[in-house]
Amino acid sequence: MEEFSGEEGSFNSEEASNSVKECIQSIIGEESYRQDTVNQWTAKIVEQALTLLVKQTKSYKYIVSCAVMQKSGAGLHTANSCYWDTVTDGSCTVKWENRTMYCVVSVFAVALTP
Amino acid sequence: MDEFQLSEETAFVVDDITTIIQDTVETTIGSSAYQQNRINQWTSSVVETSLNQLSKLGKPFKYIVTCIILQKNGAGLHTASSCFWDNTMDRSCTVRWENKTTYCIVCVFGLAV
């Protein structure tokens, strides 16, 4: 995964990362994994994160994807690869956990052509 | 999903892409059992090979491919994604694959340039 550092006109992955962390914390921070509500949580996380990102910088197309997994000893591995403009486009991934679950959120930002 | 597409050459054809991804995962993992020390290679191989195949299609799209590989042991997993893009041109597709010991979920997002 590329570490895309902030420059004028490029994706600020640190800012996005912080926004996403706050988002996750506010939605599932104190919760325990529950089969019947995990559906709502992932939906809320992606929607709220997307809304926050669009408010910050409108000149990008965004894709936010979120995976929530119960902690039960299973192995999980994720990977992303992107075919895009490496100067203007960027991504960031946030890994979060509490006592009962893992949450991995990836944000991809693709510059809108003016 | 709506079928609105400009033309065959410039469209994101979900069926073609699904086939490409399924073949890639089948070739990379196939009937292998989940192995902690190989999983790294598998996820990398799936995303890289998929991306290569997609770029060979020569369509005017930027692509993002994400892959999740999960060991089957009863754990719950839920994924979601939301996109802020051009609804008329941009598309995504998700392929879910499994064998006896492993689940693999691959998402492809295509953004028109």
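As shown above, the structure is provided for reference.
Since the structure is predicted, the reported quantities are computational estimates derived from the model, not experimental observations.

*Asks:* How would you sum up the nonpolar core? Please name residues and give values.
*Replies:* Residues and elements named next belong to chain A. Counting residues in each nonpolar core, the largest one holds 30 residues, and the members touching the most others are Ile 24, Ile 28, Tyr 62 and Cys 103. Contributions of two or more residues to this core are made by helix H1 (13-28), helix H2 (38-56), strand E1 (60-70), strand E3 (90-97) and strand E4 (101-111). If you tally residues by element for this core, the top one is H2, at eight residues. Ignoring anything within four residues of it in the chain, the contact list for Ile 28 reads Trp 41, Ile 45, Trp 96, Asn 98, Met 101 and Cys 103.

*Asks:* I'd like a description of the interface of chain A and chain B, backed by residues and values.
*Replies:* Listed per partner, the contact involves 39 residues of chain A and 38 residues of chain B. Of the roughly 3,100 Å² buried at the junction of chain A and chain B (both faces included), carbon and sulfur atoms supply 61%. Considering only the surface of chain A that becomes buried against chain B, Lys61(A), His77(A) and Tyr83(A) emerge as the three largest contributors, covering 22% of it. Counting across the chain A and chain B interface gives two salt bridges. One salt bridge in this structure joins Lys62(B) and Asp89(A), with 2.8 Å as the shortest N-O distance. Counting residues per element, the ones that place at least two in the side of chain A that touches chain B are H2, E1, strand E2 (76-83) and E4 of chain A. With eleven residues, the single largest contributor to the side of chain A that touches chain B is E1(A). Split by residue class, the side of chain A that touches chain B holds 23 nonpolar, eleven polar and five charged. Looking at chain direction, E1(A) and strand E2 (residues 77-84) of chain B are connected through eight bridges and run antiparallel.

*Asks:* Any chance you could break down the pairing of strand E4 (residues 102-112) of chain B for me, citing the residues and the numbers?
*Replies:* All names here are of chain B. Burial runs high along E4: ten of the eleven residues are buried. As paired elements, strand E1 (residues 61-71) and E4 share eleven bridges and run antiparallel to each other. The partner of Tyr 63 across the bridge, within E4, is Gly 110. Pairing of strand E3 (residues 91-98) with E4, which is carried by eight bridges, proceeds in the antiparallel orientation. For Cys 93, the partnering residue across the bridge sits in E4 and is Val 108.

*Asks:* I'd like to hear about the sheet that holds E2(B), residue by residue, with values.
*Replies:* Strand order in the open sheet formed by four strands is E3(A)-E4(A)-E1(A)-E2(B), and the pairing between neighbours is antiparallel. Because the sheet does not close on itself, it has two edges, and the strands there are E3 of chain A together with E2 of chain B. The average angle at which neighbouring strand axes cross in this sheet is 10°, direction not considered. Alignment of E1(A) against E4(A), held across eleven bridges, turns out to be antiparallel. Across the sheet, Ala67(A) pairs through a bridge with Val104(A), a residue of E4(A). The sheet strands contacting H1(A) are E3 and E4 of chain A, and the helix crosses E3(A) at an angle near 30°.

Each value, and the rule that gives it
- Residues numbered from 1 in each chain as written.
- Chains lettered and ligands numbered in written order.
- Predicted model: local features only at pLDDT ≥ 70, side-chain atom pairs only at ≥ 80, totals over all residues.
- Heavy atoms only, no water.
- Core = buried A, V, L, I, M, F, W, Y, C linked by side-chain atoms within 4.5 Å.
- Buried < 20%, exposed > 50% of the residue type's maximum accessible area, 1.4 Å probe, protein only.
- Helix = DSSP H or I, 4+ residues; strand = E, 2+ residues; numbered from the N terminus.
- Contact = heavy atoms within 4.5 Å.
- Buried area = accessible area lost by both parts, 1.4 Å probe.
- Salt bridge = Lys/Arg side-chain N within 4 Å of Asp/Glu carboxyl O.
- Nonpolar A, V, L, I, M, F, W, Y, C, P; charged D, E, K, R; others polar.
- Pairing = 2+ DSSP bridges.
- Axes fitted to C-alpha atoms, helices over the stretch in contact; angles between N-to-C directions.

Remember, this is a structural readout, not a statement about activity or role.
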